[in-house]
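Examining the three-dimensional arrangement
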Amino acid sequence: MILLKSPKEIDKIRVSCRIVKETLDLLKTKVRPGISTKELNKIGEEFICSKKAKPAFKGYMGYPAGVCTSINDEIVHGIPSDRKLQDTDIISLDVGVWLDGYFGDAARTFAVSTNVSQEAQQLMRITEESLELAVAAAKAGNRLYDISYAVQSHVEAQGYSVVRQFVGHGIGASLHEDPQIPNFGKPHTGIKLKSGMVLAIEPMINIGGYEIEVLDDGWTAVTKDGSLSAHFEHTVYISDKRVEILA
Ligand code: MF3
Ligand code: CO
């Protein structure tokens, strides 16, 4: 069941999303060689709490931190640790915020320095572009898997692969609501997109194969073949007139 949001609910989601965006903007300025993922997490959590909001991921199904930090071949759900970033790393930061009953959720992948490889930079660019195309496809009147196809067609044209085991999702008073939004699918199929839907669209793209493994920590998802992976996520609101990126 897909919950359509009222204007009042959109306003609350908008506030949570603004904090998500500000957190990611802040963390972007802190990403550099030598900083640990635990330090990044602390900065993120403290910022969110300073806004009287809650880091939504902390304690969710037992996840221990407020910011997911996933380096290189780590796809999503990396756990902050004392590992320090290196100049050639890429790092995905995923932030969720809860305030006044409503969630916001977004992620971006950053280069730790300009020393990251050309192939890593291209992966990030194509993944971000695929999210932009997916957002453009998320118009009222289109169908759900138009979003999925927008991601898949763009990244597979580059020889990349779409992670199958994790999907985007509806979001609102719960972090994960219907519908599930795979990043692969057949265009012009799936439910019709309607005004009032709020969706977290989140392509996770690997240079190599799409197979994943979860590390012994029970959370960190990595590429099975060790290839690099990137992750970009927006929370978007579908209104009659346009698709609005909230975070
Ligand atoms: N953006 C991810 C999601 O929507 C992050 C979840 S991390 C978790 O599923 F810890 F909350 F699981
Ligand atoms: Co999400």
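Definitions and limits used
Residues numbered from 1 in each chain as written. Chains lettered and ligands numbered in written order. Predicted model: local features only at pLDDT ≥ 70, side-chain atom pairs only at ≥ 80, totals over all residues. Heavy atoms only, no water. Phe/Tyr/Trp six-rings, centres within 6.5 Å; stacked < 30°, edge-to-face > 60°. Helix = DSSP H or I, 4+ residues; strand = E, 2+ residues; numbered from the N terminus. Buried < 20%, exposed > 50% of the residue type's maximum accessible area, 1.4 Å probe, protein only. Lys NZ or Arg CZ within 6 Å of the ring centre and 35° of its normal. Donors = N, O, S within 2.8 Å, 3.2 Å for Na, K, Ca; no water. Tetrahedral: all angles 85-135°; square planar, octahedral: opposite > 155°, others 65-115°. Near = heavy atom within 4 Å. Polar contact = N/O pair within 3.5 Å; in protein donor to acceptor, adjacent residues only side chain to side chain. Areas by Shrake-Rupley, 256 points an atom, 1.4 Å probe, with all protein chains shown as cover. Nonpolar A, V, L, I, M, F, W, Y, C, P; charged D, E, K, R; others polar.

Topic: the packing of aromatic side chains
- Applying the stated criterion across every chain, the model contains 1 aromatic pair.
- Each ring, one from Tyr-63 and one from Trp-219, has its centre 5.0 Å from the other, and the planes form 85°; the classification is edge-to-face. With Tyr-63 in the loop between strand S1 (54–55) and strand S2 (67–71) and Trp-219 in the loop between strand S11 (212–214) and strand S12 (221–223), this residue pair connects regions lying 156 residues apart in the sequence. One exposure class covers both Tyr-63 and Trp-219, and it is buried.
- Over the aromatic face of Phe-184 sits the side chain of Arg-164, whose NZ or CZ is 4.5 Å from the ring centroid.
- Lying across the ring of Tyr-210, Arg-164 places its NZ or CZ 4.4 Å from the centre.

Observations concerning the coordination of the cobalt ion (ligand 2)
- Protein coordination of the cobalt ion (ligand 2) is provided by Asp-105 (OD), His-169 (NE2), Glu-202 (OE) and Glu-233 (OE), with donor distances spanning 2.1 to 2.3 Å.
- Coordination geometry of the cobalt ion (ligand 2): the 6 donor atoms subtend angles of 66 to 170° at the metal centre, consistent with an arrangement described as irregular.
- Between the donor residues of the cobalt ion (ligand 2), the gaps in sequence give the motif D-x63-H-x32-E-x30-E. Of this pair, Asp-105 sits in strand S5 (residues 102–111) while Glu-233 sits in the loop between strand S13 (229–231) and strand S14 (234–238), and the two are 128 residues apart along the sequence.
- Residue Asp-105 is classed as buried on the basis of its relative accessible area, which comes to 2%.
- The class for Glu-233 is buried, based on a relative accessible area of 1%.

As for the site of ligand 1
- With respect to spatial proximity, the complete set of residues near ligand 1 consists of Phe-57, Tyr-60, Tyr-63, Cys-68, His-77, Asp-94, Asp-105, His-169, His-176, Glu-202, Trp-219 and Glu-233.
- The contact in question runs from a nitrogen atom of ligand 1 to an N or O atom on the side chain of Asp-94, over 2.6 Å.
- Within the contact set of ligand 1, an oxygen atom lies 3.2 Å away from a side-chain nitrogen or oxygen of Glu-202.
- Summarising the interface, the protein chains cover 94% of the accessible area of ligand 1, which totals 330 Å² for the free molecule.
- Its residues assigned to classes, the shell around ligand 1 comprises 5 nonpolar, 3 polar and 4 charged.

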